[in-house]
Number of protein chains: 2
Amino acid sequence: MCSLVQIRCGEVAAINKERILLAHGNGGKLSHDLVAAVMVPAFANEALNELHDGAKVTVQGTKLAFTTDSYVVKPLFFAGGDIGKLAVCGTVNDLAMTGAIPLYLSAGFIIEEGFLLSDLRCIVESMRLAAEEAGVAIVAGDTKVVEKGAVDGIYINTAGIGAIIEGSAISPLSVRPEQDIILSGCIGDHAVAVMAGRHGLTLPQAISSDCAPLNGLVKELLTAVPQIAVLRDPTRGGVATTLNEIALQAKVGIMLDEAAIPVRPAVTAVCDLLGYDPLYLANEGKMLIFADGAYSAEILSILQAHKYGKEAAVIGRVQSVPVGQVGLRTGIGGVRLLDRLVGDQLPRIC
Amino acid sequence: MCSLVQIRCGEVAAINKERILLAHGNGGKLSHDLVAAVMVPAFANEALNELHDGAKVTVQGTKLAFTTDSYVVKPLFFAGGDIGKLAVCGTVNDLAMTGAIPLYLSAGFIIEEGFLLSDLRCIVESMRLAAEEAGVAIVAGDTKVVEKGAVDGIYINTAGIGAIIEGSAISPLSVRPEQDIILSGCIGDHAVAVMAGRHGLTLPQAISSDCAPLNGLVKELLTAVPQIAVLRDPTRGGVATTLNEIALQAKVGIMLDEAAIPVRPAVTAVCDLLGYDPLYLANEGKMLIFADGAYSAEILSILQAHKYGKEAAVIGRVQSVPVGQVGLRTGIGGVRLLDRLVGDQLPRIC
């Protein structure tokens, strides 16, 4: 321990026996609180404070997006993907959501002693295929091996660099009342596929993860409609948590129309049976788009013509009040308040 | 699992039951073989193929260095540092070794459920202090929490972006026979400090990790002597393994003078007692510098005037043959061949 830190930590340790909970990593309220209480004060800088999916930084006049994510999904292989595909698509999508063209990725592997080399080859092959589809190069890497039991198989971190698309001004600060909120497709597929894989459930209708690189679609959208205010992928914490974050950052209210939100019947059935809410389930190939209603038809037509946006729909609208809150107009005509995810529905989903 | 991969993986799995060993992550021969056999063929691209500490990439005409490392050191706190300080300094140094000015870091945390919040605060504070000293901003982050037992406390990945210093041409391809090899200070301190911390050893003379950001020193060196051929920090695998990598990449031989290599007596004593060789021990605040002999006096005077280079010395010379080999002229006049690290002296050293 550094001597400078020693004194401060001694003090902190004496008064603070709080421990990290699983829910501190679920992307919901406790995650947000942890980052706000511990990371942001320490690392305070303009780029980090924005708390977007990716930071915007400038190097010698060139505007870049820079982001990172660690992947700890369990099981490593599931219907529609594996940890390798996820590690590439997730970081590619985070870059795309800042309005950037993803270019370069790094990959850091932490592997458990005894891990099958053949499984590692599968994972690396998935990364190769996903990187090829997304048009990014994996240019830097690191491999650590820890003793048996010190990690659960393999964890992968990817970080990514993208070039900000000229003319786009993606930011929660561009959100205005009366804008439409568009969802690019059905929600919950990834979480249900991973859950089924983890517990060996055989679902009546097979559900595959939606894990996919969205950067091609984003580039099309931003080229046609540079006025798009916000793009965000509803991963951990799902659509409800993501919209809560945007409502808070943009200081607006949001009202969703439950009937308009695309969910596969099989996902609804699993959720009804097990008590999950699809609005809080993680997606890995979907995005939320905020834009003035005048652009909705064009955005929808671009989405629906693309393989990753066929079920796109307008699911709600921005309101001036109540600030920071997300409501859901339900099928029976009432309004349900959607908070951020508080407990943890499903840890290790990505 | 992706369907495309499924067939190929089925085939591979049938013929390949090989498992990952601890030594696949030690930075030595097996690490090199794993990367060469699995990662490089999949991700093949010019930047990755160079296998330097950091990749050199270009975004809209701006030349960047990009690198990543995961930190899994055990114990988390040790004399002279902790995992947080290490995670910042290690990545800052990797960027500096490519001849870049480190600018931005990302930080990905994987934390075990139940981890003390006070320990996390200590680690984050160390990262803040190290980033402040190095003059870098931590702009992007991610926090995952996994259930108890699925990770050993906390692992941290950092990735970094730097701006390549104009005029420097750091590359193994710039290495020529007759160049001097300069080491910036005593070796083995980090590994011995971590080992002592891990096993609760009380050493007769306290040894602290040398963990430090070297980018300030590198900038001074490259400004004064842009002709420097190679900079490399001898971390995992130590000086012997690092020099083997350079000898292979540069297609030269290397001869070291054992008597010239700075090692603290206390480190030598621990090594003699426990059977370690300081030439294979990890360092976290040292660098190797290759340059024409004409610049050695200037390089040494810059190093020795800096707090991180006081014990700097010329420790050897580049030879035209034998290509890819590193020899050590010993105190008794013989020559010992130094191979890359093969087994693992000390896992989880960084």
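Predicted model, so just to flag it, every value in this text is computed and none were measured. All residue numbers refer to position in the chain's written sequence, counted from 1. Written order determines the labels here, with chains lettered from A and ligands numbered from 1. Confidence filtering applies because this is a predicted model: local features only for residues at pLDDT of at least 70, side-chain atom pairs given and counted only at 80 or more, and all residues used for totals across whole chains, interfaces and linings. Working from all heavy atoms in the structure, the side-chain values ignore hydrogens and water.

Student: How would you explain the sheet that holds strand β2 (residues 62–71) of chain B if you had to name every residue and give the values?
Tutor: Strand pairing in a sheet relies on backbone hydrogen bonds, with the paired strands running either antiparallel or parallel. Residue and element names in this part refer to chain B. The strand order across the open sheet formed by 5 strands is β1-β2-β7-β5-β6, and the pairing between neighbours is mixed. Only two strands of the sheet have a single partner each, and these edge strands are β1 (55–59) and β6 (137–146). Ignoring which end each strand starts from, the neighbouring axes of this sheet average 20° apart. Bridge count between β2 and strand β7 (residues 154–164): 8 bridges; the pairing is antiparallel. What sits directly across from A65, in β7, is G162. Only strands joined by at least two bridges in the DSSP assignment are considered to pair. Under the DSSP-based scheme used, a helix requires at least four consecutive residues in state H or I and a strand at least two consecutive residues in state E, with every element numbered from the N terminus. Fitting a line to C-alpha atoms yields each axis, with helices limited to the stretch in contact; the angle taken between N-to-C directions then spans 0 to 180 degrees.

Student: How would you summarise the interface of chain B and chain A if you had to cite specific residues and measurements?
Tutor: With 97 residues of chain B at the contact, the number on the chain A side is 98 residues. Of the roughly 8300 Å² buried between chain B and chain A on both sides combined, carbon and sulfur atoms contribute 68%. One speaks of a salt bridge when a side-chain nitrogen belonging to Lys or Arg is within 4 Å of a carboxyl oxygen belonging to Asp or Glu. Taken together, chain B and chain A are joined by 8 salt bridges. A salt bridge links E147 of chain B to R348 of chain A, with the shortest nitrogen-to-oxygen separation between them at 2.9 Å. Residues adjacent in sequence count toward polar contacts only when both atoms are side-chain atoms; beyond that, a polar contact is any pair of N or O atoms within 3.5 Å, and within protein one must be able to donate a hydrogen and the other to accept it. Scanning the region where chain B abuts chain A turns up 31 residue pairs in polar contact (both at pLDDT 80 or more). For the side of chain B that touches chain A, the element with the highest residue contribution is helix α5 (residues 117–134) of chain B, accounting for 11 residues. Any residue that is not Ala, Val, Leu, Ile, Met, Phe, Trp, Tyr, Cys, Pro, Asp, Glu, Lys or Arg is counted as polar, Gly included; the first ten are nonpolar and the last four charged. The residue makeup of the side of chain B that touches chain A, split by class, is 56 nonpolar, 22 polar and 19 charged. Contacts are assigned to residue pairs that have any heavy atoms within 4.5 Å of one another. The term buried area means the drop in 1.4 Å probe accessible area that two parts suffer when joined, counted for both and summed.

Student: I'd love a proper account of the domain arrangement of chain A, names of residues and values included.
Tutor: Residues and elements named next belong to chain A. Segmentation of chain A into domains returns domain 1 (22–164) and domain 2 (172–338). Computed from C-alpha atoms alone, the centre-to-centre distance between domain 1 and domain 2 is 22 Å. Domain 1 puts 29 residues into the contact, and the matching count from domain 2 is 29 residues. Of the roughly 2300 Å² buried between domain 1 and domain 2, counting both surfaces, carbon and sulfur atoms make up 59%. If you sort the residues of domain 1 by the area they bury against domain 2, N93, M97 and E133 come out on top, with a joint share of 22%. Viewed at the interface, domain 2 and domain 1 are joined by 1 salt bridge. Of the charged contacts in the structure, one is a salt bridge between E133 and K307, with a shortest N-O distance of 3.7 Å. In this document the domain limits rely on a domain assignment from an automatic tool or a database.

Student: Go over the packing of helix α2 (residues 29–43) of chain A against α5 of chain B, please, and point to the residues and values.
Tutor: Two packed helices can be described by the angle between their axes and the distance between those axes. One way to put it is that α2 of chain A packs onto α5 of chain B with a least axis distance of 8 Å and a crossing angle of 25°. Considering their axes alone, α2 of chain A and α5 of chain B lie roughly parallel with respect to each other. Remark: the crossing between α2 of chain A and α5 of chain B carries right-handed chirality. On α5 of chain B, the residues touching L34, A37, V38, M39, A42 and F43 of chain A of α2 of chain A are L117, L120, R121, V124, M127 and R128 of chain B. Split into classes, the residues belonging to the contact of α2 of chain A with α5 of chain B amount to 10 nonpolar, no polar and 2 charged. What sets the label is the angle itself: under 35 degrees gives roughly parallel, over 145 gives roughly antiparallel, 65 to 115 gives roughly perpendicular, and the rest give oblique. Handedness of a crossing follows from how the near helix is turned relative to the far one, being left-handed for an anticlockwise turn of less than a right angle and right-handed for a clockwise one.

Student: I'd love a proper account of the pairing of strand β12 (residues 313–319) of chain B, names of residues and values included.
Tutor: Where strand β8 (residues 180–183) of chain B and β12 of chain B come together, 4 bridges link them in antiparallel fashion. In the strand pairing of β12 of chain B, L183 of chain B is matched with A313 of chain B.

Student: I'd like a rundown of the packing of aromatic side chains, residues and numbers included.
Tutor: Between 30 and 60 degrees the pair is tilted, below 30 it is stacked and above 60 it is edge-to-face, where a pair is any two Phe, Tyr or Trp rings, Trp via its six-membered ring, whose centres lie within 6.5 Å. As enumerated under the stated definition, the model contains 1 aromatic pair over all chains in all. Their ring planes at 75° and their centres at 6.4 Å tell us that F66 of chain A and F66 of chain B sit as a pair that is edge-to-face. Taken together, the residues F66 of chain A in strand β2 (residues 62–71) and F66 of chain B in strand β2 connect one chain to another. The two residues F66 of chain A and F66 of chain B agree in class, both being buried. Burial classes: relative accessible area under 20% of the type maximum marks a residue as buried, over 50% as exposed, and values in between as partly exposed (1.4 Å probe, protein chains only).

Student: How would you explain the side chain of T62 of chain B if you had to name every residue and give the values?
Tutor: The topology assignment puts T62 of chain B in strand β2. Residue class for T62 of chain B comes out buried when judged on its relative accessible area of 6%. A distance of 2.5 Å separates a polar atom in the side chain of T62 of chain B from a polar atom in the side chain of T62 of chain A.

Student: Give me the lowdown on the sheet that holds strand β14 (residues 335–338) of chain B, citing residues and values where you can.
Tutor: Residue and element names in this part refer to chain B. Here we have 7 strands laid out as an open sheet, ordered β9-β11-β8-β12-β10-β13-β14, and mixed in their pairing. Looking at strand neighbours, the two that pair on one side only are β9 (230–232) and β14, the edges of this open sheet. Across the sheet, the mean angle separating the axes of adjacent strands is 25° when strand polarity is ignored. The pairing of β9 with strand β11 (residues 288–291) spans 3 bridges and is antiparallel. Of the residues in β11, the one forming a bridge with V230 is F290. Strand contacts of helix α10 (residues 296–304): β8, β11 and β12, with the helix running at about 5° to β8, the strand carrying the most contacts.

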